[in-house]
Amino acid sequence: MKLQLSRRPRRLRRTDNIRRMVRETHLHASDLIWPLFVQDGSEDTEIGSMPGVFRNSIESLVRRCQEAEKWGIPAVAVFPSIEPSLKDPVGSHGLVPDNLLYRAVRAAKEKCPNLVVITDVALDPYTSHGHDGLLSADGLTVDNDSTVEALCRLAVLEAQAGADIVAPSDMMDGRVGAIRSALDEAGFSDVAILAYSAKFASALYGPFRDAVGSKIGKDAISKASYQLDPANRREAWLEVELDELETADIVMVKPASYYLDIIREVSDKSSVPVAAYQVSGEYSQIQAAAKLGWLDYERTRNESLIAIKRAGADMILTYFAREVAEEISLGRFCR
Ligand code: PBG
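Residue numbers here run from 1 along each chain, matching the order of that chain's written sequence. Reporting in this predicted model follows two pLDDT cut-offs: at least 70 for local features of residues, and 80 or more for side-chain atom pairs to be given and counted; totals over whole chains, interfaces and linings ignore these cut-offs and use all residues. Side-chain calculation: all heavy atoms of the structure are included, whereas hydrogens and water are not.

> How should helix H5 (residues 175-185) be read in this particular structure?
Residues separated by three or four positions in an α-helix point in the same direction, a consequence of the helix having 3.6 residues per turn. Those residues of H5 that fall on the buried side of the exposure criterion are Arg 175, Val 176, Ile 179, Arg 180, Ala 182 and Leu 183. One face of H5 carries all of its buried residues, which in axial projection span an arc of 170 degrees. Note on contacts: a residue pair is in contact if any heavy atoms of the two residues lie within 4.5 Å. Each helix corresponds to a stretch of at least 4 residues labelled H or I by DSSP, and each strand to a stretch of at least 2 residues labelled E; elements are numbered beginning at the N terminus. Where H5 is buried, its residues meet strand S5 (116-121), helix H4 (144-161), strand S8 (165-168), strand S9 (192-199) and helix H7 (234-245). At the exit of H5 stands Gly 187, carrying a positive phi of roughly 90 degrees. Buried, partly exposed and exposed residues are distinguished by accessible area as a fraction of the type maximum, computed with a 1.4 Å probe on protein chains only: under 20%, between the cut-offs, and over 50%, respectively. By definition, the arc is the one covered by directions from the helix axis to the C-beta atoms.

Set out below in structure tokens:
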């Protein structure tokens, strides 16, 4: 049978070159931000739940920064894995000016002055309980305002170490504005703020908490009293709006893949660039399924990133950054 059809969309899907001509979304190395972990000592340790991702010595971290530059990745985000013995309930190690994070940032900026270095502003690497902030006197909740005060000090120390962008990831109220004032007062008015604005209380952070040791005991701690309820879209927009009013330079949605609707909405409505964080659990799911032979590794990985870009992300934090940037630059990346 021959249908009488004048409209046949399949014409534009006929060959690879035609498909390339009509492709709407392209991933570039400049879209990518590479999250990197650092630990003290000379060893690199692979993170069990994140195959191919390491806690790096400072020396290896610097080498990875050089690799990022080589493949055209403009920025890295550095996360410290702090010795458990240095952690306490108030995260006081965060205020030690030559702690692991600040030494790592200095080393990275010394070897790679043009690479954009992003640091998290949060207490969880330093607190013995793994929360992003200070506990209230009864120990039952994370106290907002005293946490914001501590975050301001961390942000200034990070800027002093050479961070180009500080990224508050804690979801306290009012922290973006307070950090902006603290940075300006300390003479860092050029240091930008990437706000984790719509950060959901997600199970997908599990492998990251393995990596930095913020998961205490067998049970994952609940951050639901400060991170967003995964069920809430309107509240996510409110958070973005407030962070913009508090002069965030970039806003972020996190995680990415389960929250593409949020990325789309923020991208449509926001007047500043939008980042999305493809978090540890998104990475590990793809790695695990590929290891079992259940999903094709490269195709699933590439599709996940194109989908995040298509949803409206201007930049993507992803543990796949280096390998994908390499494939893009060698012309081997296909969605
Ligand atoms: C905490 C922080 C988390 C991540 C980045 N910063 C985890 C958390 O909120 O417990 C998660 C990143 C990932 O899962 O890849 N400040």
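> Hey, could you run me through the pairing of strand S10 (residues 250-254) in this one?
Across a regular strand the side chains alternate sides, sitting on one face of the sheet and then on the other. Counting buried residues along S10, five of its five residues qualify, which places the element largely inside the surrounding structure. Of the two faces of S10, both are covered, the one formed by Ile 250, Met 252 and Lys 254 as well as the one formed by Val 251 and Val 253. One ladder, built from three bridges, connects S10 with strand S11 (residues 274-278); its direction is parallel. Paired with Val 253 across the strands is Ala 276, a residue of S11. Strand pairing is assigned whenever DSSP detects at least two bridges linking the two strands.

> Quick question: what am I supposed to make of the environment of His 26 here?
Following the sequence through the fold, His 26 ends up in the loop between helix H1 (16-22) and strand S1 (32-39). A sequence separation of 223 residues divides His 26 from Asp 249, and the C-alpha atoms of the two residues are 24 Å apart. Whenever two N or O atoms come within 3.5 Å, that pair is a polar contact, provided that in protein one can donate a hydrogen and the other can accept it, and provided that, for residues adjacent in sequence, both atoms are side-chain atoms. Reaching out from His 26, the side chain makes a polar contact with the backbone oxygen of Arg 23 at a distance of 3.3 Å.

> Please clarify how the nonpolar core should be interpreted in this entry.
Nonpolar side chains tend toward joint burial in soluble globular proteins. Buried residues of nine kinds, namely Ala, Val, Leu, Ile, Met, Phe, Trp, Tyr and Cys, make up a nonpolar core once their side-chain atoms join them within 4.5 Å. Within the largest apolar cluster, 110 residues are counted, with the highest numbers of intra-cluster contacts made by Phe 37, Val 76, Val 166, Ile 179, Leu 183 and Tyr 277. Of all the elements, H4 adds the most residues to this core, at ten residues. Not counting chain neighbours up to four residues away, the residues in contact with Phe 37 comprise Ile 47, Met 50, Val 53, Phe 54, Arg 55, Asn 56, Leu 61, Phe 79, Phe 208, Ala 211, Val 212 and Tyr 319.

> Is there a simple way to think about the state of the cysteines in this case?
Disulfide: a covalent bond formed between the sulfur atoms of two cysteine residues. In what follows, a disulfide is any cysteine sulfur pair within 2.5 Å. Enumeration according to the criterion identifies zero disulfides in this entry. Not engaged in a disulfide, the cysteine Cys 65 finds its nearest cysteine sulfur in Cys 112; these two sulfurs lie 5.2 Å apart. Residue classification places Cys 65 among the buried positions, given a relative accessible area of 0%. In this structure Cys 112 comes out as buried when scored by relative accessible area, which is 1%.

> Which parts of the structure should I look at to understand the site of the ligand?
Think of it this way: one heavy atom of a residue within 4 Å of a molecule or strand is enough to make that residue near it. Not every one of the 17 residues close to the ligand is listed here, only the nearest: Ser 169, Arg 209, Lys 254, Ser 280 and Tyr 319. Taking Ser 169, its side chain carries an N or O atom lying 2.7 Å from a nitrogen atom of the ligand. Relative to its unbound accessible area of 400 Å², the ligand is 100% covered by the protein chains. Residue classes in the shell around the ligand are distributed as seven nonpolar, three polar and seven charged. Reported accessibility uses the Shrake-Rupley method at a 1.4 Å probe radius. Residues are deemed covered only where the shown protein chains occlude them. Note on residue classes: Ala, Val, Leu, Ile, Met, Phe, Trp, Tyr, Cys and Pro are nonpolar, Asp, Glu, Lys and Arg are charged, and everything else, Gly too, is polar.

> Is there a simple way to think about the pairing of S8 in this case?
Here S8 shows no split at all, with Ile 165 and Ala 167 on one side and Val 166 and Pro 168 on the other all buried. Looking at chain direction, S5 and S8 are connected through four bridges and run parallel. Residue pairing for S8: Val 121 is matched across the bridge by Pro 168. Summarising the sheet, S8 and S9 pair through two bridges and their orientation is parallel. Looking at the pairing, Ile 165 lines up with Ala 192 of S9.

> What should I look at first to understand a nonpolar patch on the surface in this one?
Like charges are joined within 9 Å and nonpolar side chains (Val, Leu, Ile, Met, Phe, Trp, Tyr) within 5 Å, but only among residues with over 30% relative accessible area and no salt bridge; these make up the patches. For salt bridges, the criterion is a side-chain nitrogen of Lys or Arg within 4 Å of an Asp or Glu carboxyl oxygen. On the surface, a nonpolar cluster with roughly 380 Å² of combined accessible area is contributed by Met 1, Leu 3 and Leu 5. Its place among the elements puts Leu 3 in the segment before H1.

> Is there a simple way to think about a positive patch on the surface in this case?
Charged residues are defined narrowly, with Lys and Arg counted positive, Asp and Glu counted negative, and His plus the chain ends left uncounted. By convention, charge coordinates are those of NZ in Lys, CZ in Arg, CG in Asp, or CD in Glu. Together, Lys 2, Arg 7, Arg 8, Arg 10, Arg 11 and Arg 13 make up a region of like positive charge exposed at the surface. Topologically, Arg 8 is positioned in the segment before H1. We classify Arg 8 as partly exposed; its relative accessible area is 31%.

> How should the packing of aromatic side chains be read in this particular structure?
Aromatic ring pairs are defined here through the distance separating the ring centres and the angle between the ring planes. Ring pairs are drawn from Phe, Tyr and Trp, using the six-membered ring of Trp, whenever the two centres fall within 6.5 Å, and their geometry is named by plane angle: stacked under 30 degrees, edge-to-face over 60, tilted for the rest. Per the stated rule, a full pass over the model turns up eleven aromatic pairs. Ring geometry for Phe 200 and Tyr 259: centres 4.2 Å apart, planes at 20 degrees, overall stacked. Here Tyr 259 lies in the loop between S10 and helix H8 (260-269) and Phe 200 lies in the loop between S9 and helix H6 (206-212), a separation of 59 residues in the sequence. Charge-over-ring placement is defined geometrically: NZ (Lys) or CZ (Arg) within 6 Å of the ring centre, and within 35 degrees of the ring normal. The ring of Tyr 205 carries the charged tip of Lys 199 above its face, separated from the ring centre by 5.4 Å. The positively charged end of Lys 254 is found above the aromatic ring belonging to Tyr 205, 4.6 Å away from the centroid.

Geometric descriptors of this kind do not, in isolation, establish any biological role.
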